[in-house]
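Secondary and tertiary structure notes
Residues per chain are reported as follows:
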Amino acid sequence: MIKAAFFDLDGTLVNSIGGLKTSMNLVMKQFGFDEVSDEQTKKYVGNGYQKFVDCALKATADRLYAKAEKLESKDPDKAMELEMQADDVMASYEDACEAYLEVYAEHYLDNSDPYPGMKETLAKLKDMGIKLACITNKPKVPTAKTLDEAFGHDYFDYVVCDDGIVPRKPDPTGCRNAMEALGVSADEVIYLGDTKTDMQTAVNAGFRSVGCLYGFRDEKELKDNGAVYLIKEPLELIPIVESIR
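Notes on the structure follow. Owing to the predicted nature of the structure, the values given are computational and were not obtained by experimental measurement.

**Looking at the sheet that holds strand 6 (residues 189–193)**
As summarised here, the arrangement of the 6 strands in space is 5-4-1-6-7-8, forming an open sheet in which the pairing is parallel. Every other strand in the sheet has two partners, leaving strand 5 (158–162) and strand 8 (229–231) as the edge strands with one partner each. Neighbouring strand axes in the sheet, compared pairwise and without regard to direction, differ in orientation by 20° on average. When strand 4 (residues 131–139) meets strand 5, the two strands line up parallel, connected through 4 bridges.

This is the structure:
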C-alpha cells in the first residue's frame, strides 16, 4: 500500500532550469567567468547551491588549466599566468556563493513552472488519499515561494529543504522526519526524483524509487543509482501507484 509520495523539487515537480541558469550566469558575468549552458546547469544542480557554484567555477578553471598545459613548453610564463588565473577563480568560491544567494533571491522564479501534467498527477494522488511531501536541497525561502507559486499555499503535507539543520540529500534524515510526521513507513512511500542524488536518497531511506526522465539527468544515471521505475511524464506515476496498491 502506498500512503505517501515524496517528490524532489527542481527537475521533478518544477522545471526551474531557467531561474537557475539565469542566476548563475549573472554571477559569472559579475566575476568575469564563463557562463553555463542549459546542459551544464542540469548536470551541476541537485546537491545544493554550494555544489552548483563550485561546478560553475571549476568549468572556467579547468578551461584555463587546460590552456596552460598546452602552453607549458612553448610559453611557460603565459602558462603560469593562466594557472594563477585558474587558482584565483577557485579562490573566489566563498564570494561567488554569497553573490549567488543574492542574485538567486531575485531570479529563482524566472521561467520556473510545474511540468506538464504535474498538477493533475498531484490532484489524483490526493484523491487517492495519498500524502504529499517535497524533499529538496533548495534553501528554505525559495523552496516555500516556488511551491506556493506553482501549486498554492500549503499544498504539500510536509516539506524538507536546506534549512542548515537537517543534512542534505542523499542523507535520509529529512525523509525519515517526513515519514514520522506523516505517520507512514518506508514501504508505504514512493519517491520521485531526477538525479542520482534522489535515487541514492530513496535507496538510503528504503523507498521505492521513480526516476523522472523528463527532468535534468538521463536514464543511465537514474538506473545506475537505483531507480526501480522510470517515467517520461508525471501522469505515468498513477498506474505505477495503482499497480503497487
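**Thoughts on the packing of helix 1 (residues 17–31) against helix 5 (residues 93–107)**
Axis separation between helix 1 and helix 5 bottoms out at 9 Å; the angle between their running directions is 135°. Compared by their axis directions, helix 1 and helix 5 come out oblique. For the element pair helix 1 and helix 5, the recorded crossing hand is right-handed. Side by side, helix 1 and helix 5 meet where Gly-19, Leu-20, Thr-22, Ser-23, Met-24, Leu-26, Val-27, Gln-30 and Phe-31 of the first sit next to Asp-95, Ala-96, Ala-99, Tyr-100, Val-103, Tyr-104 and His-107 of the second.

**Considering the pattern of salt bridges**
With the rule as written, the count across this model stands at 14 salt bridges. Here Lys-3 makes a salt bridge to Glu-188, at a shortest N to O gap of 3.2 Å. With Lys-3 in the segment before strand 1 (4–7) and Glu-188 in the loop between helix 8 (173–182) and strand 6, this residue pair connects regions lying 185 residues apart in the sequence. For Lys-3, a relative accessible area of 37% puts it in the partly exposed group. In this structure, Asp-34 and Arg-63 form a salt bridge, with 2.6 Å as the shortest nitrogen-oxygen distance. Within this pair, whereas Asp-34 is found in the loop between helix 1 and helix 2 (38–44), its partner Arg-63 is found in helix 3 (residues 49–71), the two being separated by 29 residues in sequence. On the accessibility criterion, Asp-34 (25% relative accessible area) is partly exposed. Taken together, the shared-partner salt bridges connect Asp-8, Lys-169 and Asp-198 into one network.

**Quick look at the environment of Val-159**
Turning to its location among the elements, Val-159 is positioned in strand 5. A relative accessible area of 35% means that Val-159 is categorised as partly exposed. Each C-alpha atom, one on Val-159 and one on Leu-71, is 51 Å from the other, the two residues being 88 residues apart in sequence. Not counting residues within four places of it along the chain, the set of residues in contact with Val-159 comprises Cys-134, Thr-143 and Leu-147.

**Description of unusual backbone geometry**
Pro-170 follows Lys-169 through a cis peptide bond whose omega is 15°. Take Pro-170: it is sitting in the loop between strand 5 and helix 8. Residue Asn-111 is not a glycine yet carries a positive backbone phi of 50°. Considering the arrangement of structural elements, one finds Asn-111 in the loop between helix 5 and strand 3 (113–114). Among the residues examined, Asn-111 registers a relative accessible area of 61% and is labelled exposed. Positioned with a positive phi, Asp-154 is a non-glycine residue whose angle comes to about 55°. With respect to the element layout, Asp-154 can be found in the loop between helix 7 (140–151) and strand 5. According to the relative accessible area criterion, Asp-154 is exposed, its value standing at 60%.

Definitions and cut-offs
- Residues numbered from 1 in each chain as written.
- Predicted model: local features only at pLDDT ≥ 70, side-chain atom pairs only at ≥ 80, totals over all residues.
- Heavy atoms only, no water.
- Pairing = 2+ DSSP bridges.
- Helix = DSSP H or I, 4+ residues; strand = E, 2+ residues; numbered from the N terminus.
- Axes fitted to C-alpha atoms, helices over the stretch in contact; angles between N-to-C directions.
- Parallel < 35°, antiparallel > 145°, perpendicular 65-115°, else oblique.
- Left-handed = near helix turned anticlockwise from the far one by under 90°.
- Contact = heavy atoms within 4.5 Å.
- Salt bridge = Lys/Arg side-chain N within 4 Å of Asp/Glu carboxyl O.
- Buried < 20%, exposed > 50% of the residue type's maximum accessible area, 1.4 Å probe, protein only.

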